[in-house]
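Residue strings, one per chain:
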2 protein chains.
Amino acid sequence: MSAVAAGRSPGREQLPEGRLSVIALDGVPEIRPGDDLAALLIEALRSTPDALPLREDDVLVVTQKIVSKAEGAMVDLTTIEPRPEAVAFAERWDRDPRQLEVVLREARRVVRMAHGVLITETRQGFVCANGGVDASNIGPGSGTMVTLLPADSDASADRIRAAVRAALGVDVPVIVSDSFGRPWRWGITDVAIGVSGMLPLDDMRGEPDADGRIMRSTVRATADEIATAAELALGKTTRRPAAIVRGAHPTRGEGRIADSLMPREFDLFQ
Amino acid sequence: MSAVAAGRSPGREQLPEGRLSVIALDGVPEIRPGDDLAALLIEALRSTPDALPLREDDVLVVTQKIVSKAEGAMVDLTTIEPRPEAVAFAERWDRDPRQLEVVLREARRVVRMAHGVLITETRQGFVCANGGVDASNIGPGSGTMVTLLPADSDASADRIRAAVRAALGVDVPVIVSDSFGRPWRWGITDVAIGVSGMLPLDDMRGEPDADGRIMRSTVRATADEIATAAELALGKTTRRPAAIVRGAHPTRGEGRIADSLMPREFDLFQ
């Protein structure tokens, strides 16, 4: 059966093995603090061709920005008094000292602060540039507002998943995604910062590979891969902030994103 | 127009914005040294439902393993005499000293060698665990064979792209992909190790975001994202080693993967 035929089948039929499709949701409005994000996403699902009915192999990916905005995880930089360290670094590297102050407040530790780049481990445990504090795509007239990472993106994903299940009758995993840089390579890719209803990792250690040889060290970062696939369809300059990824077949379960974060003492790349 | 309808349209029509599909190729046989990989991929394209006609927004992703095998980038471990350093490390951490020797021979420098993990910068400039030397999925009866990274994966991609264009009349970008680990997070994701016909990065700096605000530091690792999306459809234990990613809209051009590798002095994560 072709993917095209599968795409037309109603109900909970899955895409055949080897097929994946990503459907960016149409019609998600500008999100404001206090908005019922899940309700708006369900409306968007209803208005996006082919998105419904949801299927057992769907994952709903929601970008951090709209989760943070709905939850009010935003700061107005005009209210921020930067510490001297932030002022000095900002002057030297043409940065906004108030934004640096916010990054430092959100940090559990500073990993690197040099050459105009500030890399921290956030209170949630993510190592990233500028602590996930972001000034882009906040909305019109939002010149001095920045978004913070959601306080608990797993819980954010849980709430969206529960609302989708209640409204549409299908329990699909939900991922909250954000764009992070990587060492050694230029450019950002999207990763998962919160999950609900799936395991973030697929541990294939001990499973035989196609030759029957035991794979010793293959743990796949499935949630990150799904977040990345969604990003390719969402693009960066459009208003599409959520997507359905169909056919990825994550392992269902009550995973938490912390499962995918490497304790510092294990991180041999450092 | 829905993605389903678009999938049925012949010719070079593109998927609508916000849609992405991945089609793993059926029928790629077990690859052996000296095989004409491009010809086998073209046959597979012909036998995969919906893969043809190729479209302007397609990217062909080919996994490293079959490129290395076709090019004979393999080593029989029984021919390898490990250096004392490799023997000592292998004994301590239950590793194969001959495989470690191969990793060290393929390395430009050793980044870390501790706790049973060997991270090197390969001669191609990639920082990864075990230097891209891999013993899984080599083929039946290949107990002592390992694959190396292709000597020049951009050139490998160039050859496949030229052959596809000659046979099928469409110039689609080609990515050679491999699975790498990341710092700070458990699990592997696929990245690009070679490109042809596209830029590995999309520099969105200076382009206005959806609010008209200038995005200061958004460089998207498009080739890596496409490699990752392909991996989700290919899976890890199947024999599917190549996929078409449709709708990603990379920037066309004569990019080289080195463009996406960060010089050591810029890498603030280290």
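Criteria and thresholds
Residues numbered from 1 in each chain as written. Chains lettered and ligands numbered in written order. Predicted model: local features only at pLDDT ≥ 70, side-chain atom pairs only at ≥ 80, totals over all residues. Helix = DSSP H or I, 4+ residues; strand = E, 2+ residues; numbered from the N terminus. Buried ≥ 20, exposed ≤ 12 C-beta atoms within 10 Å, placed from the backbone. Contact = placed C-beta atoms within 7 Å. Pairing = 2+ DSSP bridges. Axes fitted to C-alpha atoms, helices over the stretch in contact; angles between N-to-C directions. Arc of directions from axis to C-beta. Parallel < 35°, antiparallel > 145°, perpendicular 65-115°, else oblique. Left-handed = near helix turned anticlockwise from the far one by under 90°. Nonpolar A, V, L, I, M, F, W, Y, C, P; charged D, E, K, R; others polar. pLDDT = per-residue confidence, 0-100. Core = buried A, V, L, I, M, F, W, Y, C linked by C-beta atoms within 7 Å. Domains from an automatic or database assignment.

Asker: Residue-level account of the overall build of chain A, with values.
Answerer: Along the backbone of chain A there are seven helices and twelve strands. Taken across its 270 residues, chain A has 51% of its residues classed as buried. Long-range pairs, those at least 24 residues apart, make up 60% of the contacts in chain A with a sequence separation of at least 6.

Asker: An account of the sheet that holds strand S5 (residues 117-122) of chain A is requested, with residue identities and associated values reported.
Answerer: Residue and element names in this part refer to chain A. An order of S4-S5-S6 is seen for the three strands of this open sheet, with the pairing classed as antiparallel. Edge positions in the open sheet fall to strand S4 (107-114) and strand S6 (127-129), since each of these has one partner strand only. The sheet shows a mean angle of 25° between the axes of neighbouring strands, taken without regard to direction. Bridge analysis of S5 against S6 gives three bridges, and the strand direction is antiparallel.

Asker: Describe unusual backbone geometry, and please don't skip the residues or the numbers.
Answerer: For the bond from Leu52 of chain A to Pro53 of chain A, the omega torsion is 0°, close enough to zero to count as cis. With respect to the helices, strands and loops of the structure, Pro53 of chain A is situated in the loop between helix H2 (37-47) and strand S2 (58-63). One non-glycine residue, Asp50 of chain B, lies in the positive phi region at around 75°. Take Asp50 of chain B: it is sitting in the loop between helix H2 (37-47) and strand S2 (58-63). Take Asp50 of chain B: there are 16 C-beta atoms within 10 Å of it, and that puts it in the partly exposed class. Its identity as a non-glycine residue notwithstanding, His115 of chain B has a phi of 50°, on the positive side. Position of His115 of chain B relative to the elements: it lies in the loop between strand S4 (107-114) and strand S5 (117-122).

Asker: Account for H2 of chain A, naming residues and giving values.
Answerer: Residues and elements named next belong to chain A. Residues of H2 that are buried: Leu37, Ala38, Leu41, Ile42 and Leu45. The buried residues of H2 occupy an angular sector of 135° when the element is viewed end-on, so they sit on one face. Elements that come into contact with the buried residues of H2 comprise S2, helix H3 (64-71), helix H6 (153-168) and strand S12 (242-246).

Asker: How would you summarise H3 of chain A if you had to cite specific residues and measurements?
Answerer: Within H3 of chain A, eight of the eight residues are buried, which leaves it mostly tucked inside the rest of the structure. Directly beyond the C-terminal end of H3 of chain A, a positive phi value near 75° is found at Gly72 of chain A.

Asker: Give me the packing of helix H7 (residues 222-234) of chain A against helix H7 (residues 222-234) of chain B: which residues, what numbers.
Answerer: Two elements in contact, H7 of chain A and H7 of chain B, have axes separated by 8 Å at closest approach and are oriented at 120°. By the angle between their axes, H7 of chain A is oblique relative to H7 of chain B. Note on packing geometry: the crossing formed by H7 of chain A with H7 of chain B is left-handed. Where H7 of chain A abuts H7 of chain B, its residues Glu225, Ile226, Thr228, Ala229, Glu231 and Leu232 of chain A lie against Glu225, Ile226, Thr228, Ala229, Glu231 and Leu232 of chain B. Each residue belonging to the contact of H7 of chain A with H7 of chain B can be placed in one class, and the counts come to six nonpolar, two polar and four charged.

Asker: Please provide a residue-by-residue account of the confidence of the model for chain A, values included.
Answerer: Residues and elements named next belong to chain A. Predicted confidence across chain A gives a mean pLDDT of 88, with 85% of residues reaching 70 or more. Counting contacts from residues 1-11, a segment whose pLDDT is below 50, to residues more than four positions away or on other chains yields 25 contacts. ipTM for the predicted complex: 0.90, alongside a pTM of 0.91.

Asker: For the environment of Thr228 of chain A, give the residues involved together with the corresponding values.
Answerer: The topology assignment puts Thr228 of chain A in helix H7. Distance in space between the C-alpha atoms of Thr228 of chain A and Ser177 of chain A is 8.4 Å, their sequence separation being 51 residues. Excluding residues within four positions of it along the chain, Thr228 of chain A makes contact with Thr189 and Asp190 of chain A together with Glu225, Thr228 and Ala229 of chain B.

Asker: Can you lay out the pairing of strand S8 (residues 174-181) of chain B for me, pointing to particular residues and giving the numbers?
Answerer: Residues and elements named next belong to chain B. For S8, the buried fraction is high: eight of the eight residues fall into the buried class. Covered by surrounding structure in S8 are Val174, Val176, Asp178 and Phe180 together with Ile175, Ser177, Ser179 and Gly181, the residues of both alternating faces. Two strands pair when backbone bridges link them, and S2 and S8 are joined in this way by four bridges, in the parallel orientation. When the bridges of S8 are listed, Leu60 appears paired with Val174. Looking at chain direction, S8 and strand S9 (residues 188-196) are connected through eight bridges and run antiparallel. Counted as the bridge partner of Val174 is Ser196 from S9. Joining the antiparallel neighbours S8 and S9 is a turn of six residues, in which Trp184 adopts a positive phi near 70°.

Asker: Break down the sheet that holds S4 of chain B for me, with residues and values.
Answerer: Residue and element names in this part refer to chain B. What the three strands build is an open sheet, ordered S4-S5-S6; its pairing is antiparallel. Here the strands that pair on one side only, and so sit at the sheet edges, are S4 and strand S6 (127-129). Going from strand to strand, the sheet's axes swing by 25° on average, the running direction of each strand aside. Bridge count between S4 and S5: six bridges; the pairing is antiparallel.

Asker: So what about the nonpolar core? Which residues, and what values?
Answerer: Within the largest apolar cluster, 141 residues are counted, with the highest numbers of intra-cluster contacts made by Ala243 of chain A together with Ala243 of chain B. Contact partners of Ala243 of chain A, with chain neighbours within four places excluded, come to Val22, Ile23, Ala24, Leu25, Val61, Ala230, Ala233 and Leu234 of chain A.

Asker: Kindly report on the domain arrangement of chain A, identifying the contributing residues and their values.
Answerer: Residues and elements named next belong to chain A. Segmenting chain A into domains produces domain 1 (13-72 + 150-257) and domain 2 (74-145). Every contact between the two is made by ten residues of domain 1 and, on the other side, eight residues of domain 2. Broken down by class, the residue content of the side of domain 1 that touches domain 2 amounts to three nonpolar, three polar and four charged.

Asker: For the pairing of S5 of chain A, give the residues involved together with the corresponding values.
Answerer: Between S4 of chain A and S5 of chain A, which pair antiparallel one after the other, the connecting turn spans two residues, and His115 of chain A there sits at a positive phi close to 55°. In this structure, the hairpin formed by S5 of chain A and S6 of chain A is closed by a connection of four residues, where Gly125 of chain A is found at a positive phi of approximately 100°.

Asker: Give a description of the packing of helix H4 (residues 84-93) of chain B against helix H5 (residues 97-105) of chain B that names residues and reports values.
Answerer: Residues and elements named next belong to chain B. Their axes nearest at 8 Å, the elements H4 and H5 cross at an angle of 130°. Classed by the angle they form, the pair H4 and H5 counts as oblique. The interaxial crossing formed by H4 with H5 has right-handed handedness. In this structure, H4 uses Ala86, Val87, Phe89 and Ala90 to contact H5, whose residues at the interface are Pro97, Leu100, Glu101 and Leu104.

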